[in-house]
Amino acid sequence: TPTLLDEILDSTITLAHKAGDLILEGSLAIQSSHAAEESEKKNSVDLVTEYDVKVEELVKGELGKTWEGFKFIGEESYAAGSRPPLTNEPTFCVDPIDGTTNFIHGFPHSCVSIGLIYNKSPILGVIYNPHLDQLFYASKGNGAYLIQQGRKVKLPLAKPPKELKSLSKALIGVEWGSDRSLSLIQQKSASFSKLAGNPAEGVIGGQMAHSLRSLGSAALNYSMVAMGGLDIYWEIGCWPWDICAGSIIAQEAGGFVAGGHNAPLDNNVDEAVLNGRKYIVIRAIGDTPEEKGVDAQKR
Ligand code: IPD
């Protein structure tokens, strides 16, 4: 018999498809009318369009009707001043369009991300990229799945899952983020060079990653890790709605998620053993745990 979590999942998947249709409609409208050039700006790189707001209204409205009494944290509601504290109550955590910069530029890589938090931990996540018709979902203890063109597959795609024997075999997702203060960007760039640079010049553990990718959506980076397309996603400066759904999807696919900043994800560790596999956390910026906070993930 379906559990309450299954019911929430089913209705959230339907809703994510509806939200995805609106994202596609918006994407076409924006590209054909040059509307992006007039998009409102939180700062010169942190963009918001009328479609971020429209999609959030749709999602918030439907979730509120279907799951009365659940709390709601959303990127645009937060920006407009609605900032409920995180409690133990069931709370939806939503990014209406993750990858807004891509959306504005017509780079077809953005998604809606809907997470559910209970007792301060993510327990369900649905992420839909309408450009590729890829829907990623997971609920706690039930594995992670991809639905594409009506076909459902369990994640990760590789069976058995790929073993990442060393950093030198890794394809790593990184992001520039929306905080472009010089000191942060210098530190991030230094970290990127350490990951991608020549081992002879003393990069991390004398190893050089296969390459780095910066695809512009935190939620889809997590989804790529869940799928197995990225081995690691590493970022600083995400908001809860960027990572809520993605973190449970990656974990349910067998990934390891580490975060700092006293966030619900907090597990500020250097290494961990999970299901008999050893994970090393790649620290962002500098080397001491106190300075940094870790937003790292390694499968
Ligand atoms: C952003 C994207 C970006 C990441 C930022 C996020 P938005 O979300 O996920 O890839 O680097 O940290 O804030 O603004 O597109 O919803």
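About the thresholds
Residues numbered from 1 in each chain as written. Predicted model: local features only at pLDDT ≥ 70, side-chain atom pairs only at ≥ 80, totals over all residues. Helix = DSSP H or I, 4+ residues; strand = E, 2+ residues; numbered from the N terminus. Buried ≥ 20, exposed ≤ 12 C-beta atoms within 10 Å, placed from the backbone. Contact = placed C-beta atoms within 7 Å. Near = placed C-beta within 6 Å. Domains from an automatic or database assignment. Nonpolar A, V, L, I, M, F, W, Y, C, P; charged D, E, K, R; others polar. Pairing = 2+ DSSP bridges. Axes fitted to C-alpha atoms, helices over the stretch in contact; angles between N-to-C directions. Core = buried A, V, L, I, M, F, W, Y, C linked by C-beta atoms within 7 Å. Parallel < 35°, antiparallel > 145°, perpendicular 65-115°, else oblique. Expected span 1.5 Å × (residues − 1). Bend = angle between axes of the 7 residues up to and from the residue.

Draft legend 1. Focus on the overall build of the protein chain. Secondary structure summary: the protein chain contains eight helices and 16 strands in total. The buried share of the protein chain, reckoned over its 299 residues, is 41%. Sequence-distant contacts, at least 24 apart, represent 62% of the contacts inside the protein chain between residues at least 6 apart.

Draft legend 2. Main features of the site of the ligand. Around the ligand, a shell composed of 16 residues is seen, among which Asp-98, Thr-100, Glu-175, Gly-177 and Ala-218 lie nearest. Each of domain 1 (4-155) and domain 2 (167-298) accounts for three or more of the residues forming the shell around the ligand.

Draft legend 3. Summary view of the domain arrangement of the protein chain. Partitioning the protein chain into structural domains gives domain 1 (4-155) and domain 2 (167-298). Secondary-structure elements contributing two or more residues to the side of domain 1 that touches domain 2 are β3 (71-74), β4 (91-98), α4 (100-105), β5 (111-118), β6 (121-129), β7 (134-139) and β8 (144-148). In terms of residue count, the dominant contributor to the side of domain 1 that touches domain 2 is β6 (eight residues). Among the residues forming the side of domain 1 that touches domain 2, the class breakdown is 19 nonpolar, 13 polar and six charged.

Draft legend 4. The arrangement of the sheet that holds β6 in detail. Taken in spatial order, the seven strands make up an open sheet running β3-β4-β5-β6-β7-β8-β9, and their pairing is mixed. With one partner strand each, in any of the chains shown, β3 and β9 (151-155) form the two edges of the open sheet. In this sheet, adjacent strand axes meet at a mean angle of 20° when their direction is disregarded. Alignment of β7 against β8, held across five bridges, turns out to be antiparallel. For Tyr-137, the partnering residue across the bridge sits in β8 and is Tyr-145. Relative to β6, helix α1 (residues 4-33) is tilted by about 35°, and along the sheet it contacts β4, β5, β6 and β7. In the packing of helix α6 (residues 218-227) onto the sheet, the strands contacted are β4, β5, β6, β7, β8 and β9, and the crossing angle to β6 comes to about 95°.

Draft legend 5. Just the nonpolar core, in detail. Among the nonpolar cores identified, the biggest contains 65 residues, and Val-112, Ile-127, Tyr-222, Ala-226 and Ile-249 are the most heavily contacted of them. The biggest single contributor to this core is α6, with eight residues. When residues of this core are assigned to domains, at least three fall in each of domain 1 (4-155) and domain 2 (167-298). Apart from the residues lying within four places of it in its own chain, the contact partners of Ile-127 are Cys-111, Ser-113, Phe-136, Ala-219, Leu-220, Ser-223, Ala-245, Gly-246 and Ile-249.

Draft legend 6. Fine view of the packing of α6 against helix α7 (residues 240-252). Packing of α6 against α7 brings their axes to within 8 Å, and their N-to-C directions diverge by 5°. By the angle between their axes, α6 is roughly parallel relative to α7. Residues Ala-218, Ala-219, Tyr-222, Ser-223, Val-225 and Ala-226 of α6 form the contact with α7, whose participating residues are Asp-242, Ile-243, Ala-245, Gly-246, Ser-247, Ile-249 and Ala-250. Looking at side-chain class alone, the contact of α6 with α7 contains nine nonpolar, three polar and one charged residues.

Draft legend 7. Representation of α7 within the structure. For α7, spanning 13 residues, the distance from its first C-alpha to its last is 18 Å, which sits close to the expected 18 Å at 1.5 Å a residue. Gly-246 marks the point of greatest bend in α7, at about 25°.

Draft legend 8. Quick look at unusual backbone geometry. Put simply, Leu-155 and Pro-156 share a cis peptide bond, and its omega is 0°. Relative to the elements of secondary structure, Pro-156 occurs in the loop between β9 and β10 (171-174). At the junction of Lys-159 and Pro-160, the peptide bond is cis and its omega measures out at -5° in the coordinates. Looking at the secondary structure, you find Pro-160 in the loop between β9 and β10. Phi is positive for Asn-119, close to 50°, though the residue is something other than glycine. When you line up the elements, Asn-119 lands in the loop between β5 and β6. Among the residues examined, Asn-119 registers 10 C-beta atoms within 10 Å and is labelled exposed.

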